[in-house]
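Structural overview
Okay, here's what each chain looks like letter by letter:
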Amino acid sequence: LRGASMNATSIVVVAGIAPGNGVGVGIWGAGTRTAAADYGAASFWGVEDLTISALTNEEGCGNLIEIVHSEHVTLRRVRINGCYYHGLEVDSSRHFLVQDCVFSGAYTFASSGSYIQFDNGVSGPRSTLPTATSVTYGTFERCRYLRRPDTDACARDIDMRHAAIALSAIYFIDCYF
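Counting from 1, residues in each chain are numbered in the order their sequence is written. Only residues with pLDDT of at least 70 are given local features in this predicted model, and only at 80 or more are side-chain atom pairs given and counted; all residues enter the totals for whole chains, interfaces and linings. Heavy atoms from the whole structure form the basis of all side-chain values; hydrogens and water molecules are not counted.

**As for the nonpolar core**
The criterion is simple. A nonpolar core is a set of buried Ala, Val, Leu, Ile, Met, Phe, Trp, Tyr and Cys residues joined through side-chain atoms within 4.5 Å. Residue burial is assigned from relative accessible area. The probe radius is 1.4 Å, only protein chains are included, and a residue is buried under 20% of its type maximum, exposed over 50%, and partly exposed in between. Counting residues in hydrophobic clusters, the biggest one holds 32 residues, and the most contacted among them are Leu88 and Phe103. Pairs of residues are marked as contacts when any of their non-hydrogen atoms sit within 4.5 Å. Apart from the residues lying within four places of it in its own chain, the contact partners of leucine 88 are Ile65, Ile67, Leu75, Ile80, Val98, Phe103, Tyr115, Ile116, Gln117 and Phe140.

Spelled out as structure tokens, the structure:
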């Protein structure tokens, strides 16, 4: 998915929960809900040169971008600008690059809202057939994490609190916090 630039192309996620799918998500790869094997969802996909934000901060606008059961995913020059839960959620995936992105806005779920969440992928709007609970070989390069509004209910920028998840080879290179 490619836009013209962060300033010229905007995607606004509007609340709407499909029956049985739970949290609303703006962009995710094909197969997220149907993957039958570890890393079995869409691979070799990306998002470039746009801004994504939520119209309102409610569960129907839960996560802006999800990388779930995937590999070889690239986010480049994307402004991820506020929603209810997480701007970027990465679950049970490997070999991903987040480059020259800007994380901003409010993430209002009081106990968990964050710019980025690494998760074990065993709950939420995703397939439960794969068994991998690791996130590996991920690089965040030249990303900026801007100050969150004082009214933001949660103070987590990067959430790694799920006990069953294994993180390895996750790099933050030349990022600004």
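**With respect to the pattern of salt bridges**
Salt bridge, as applied in this entry: a Lys or Arg side-chain nitrogen positioned within 4 Å of an Asp or Glu carboxyl oxygen. Inspection of the entire model under this criterion finds seven salt bridges. Across the pair glutamate 48 and arginine 76 runs a salt bridge, and its minimum N-O distance is 3.2 Å. With a gap of 28 residues between them, glutamate 48 in strand 3 (residues 43–54) and arginine 76 in strand 5 (residues 71–83) connect regions that are remote in the sequence. For glutamate 48, a relative accessible area of 14% gives the class buried. Of the charged contacts in the structure, one is a salt bridge between arginine 77 and glutamate 48, with a shortest N-O distance of 3.9 Å. Only DSSP runs of H or I reaching four residues or more are called helices, and only runs of E reaching two or more are called strands; each is numbered from the N terminus.

**What to know about the environment of histidine 95**
Note that histidine 95 resides in strand 7 (residues 94–99). Linking histidine 95 and serine 70, residues 25 residues apart in sequence, is a C-alpha distance of 8.4 Å. When residues no more than four places from it in sequence are discounted, the contact partners of histidine 95 are Glu71, His72, Val73, Thr136 and Tyr137.

**Some details on the environment of alanine 106**
By the element assignment, alanine 106 lies in strand 8 (residues 102–107). Note on alanine 106: relative accessible area 17%, which makes it buried.

**Topic: the sheet that holds strand 2 (residues 25–28)**
Whether two strands pair comes down to DSSP finding at least two bridges between them. Taken together, the five strands give an open sheet; going across it, the order is 2-4-6-9-12, and neighbouring strands pair in parallel fashion. The open sheet has two free edges, formed respectively by strand 2 and strand 12 (158–159), since each of these has just one partner strand. Looking at chain direction, strand 2 and strand 4 (residues 63–68) are connected through three bridges and run parallel. The residue of strand 4 that forms the bridge with isoleucine 27 is isoleucine 65.

**Comments concerning the confidence of the model for the chain**
The predicted model of the chain averages 84 in pLDDT, with 83% of residues at 70 or higher. Confidence scores here are pLDDT values: one per residue, from the predictor, ranging 0 to 100. Confidence, expressed as mean pLDDT per element, reaches its minimum in the chain at strand 12 with 84 and its maximum at strand 7 with 97.

**Focus on the pairing of strand 5**
Where strand 3 and strand 5 come together, eight bridges link them in parallel fashion. Pairing of glycine 46 across the sheet is with threonine 74, part of strand 5. Alignment of strand 5 against strand 8, held across four bridges, turns out to be parallel. By the bridge assignment, cysteine 83 is partnered in strand 8 with tyrosine 107.

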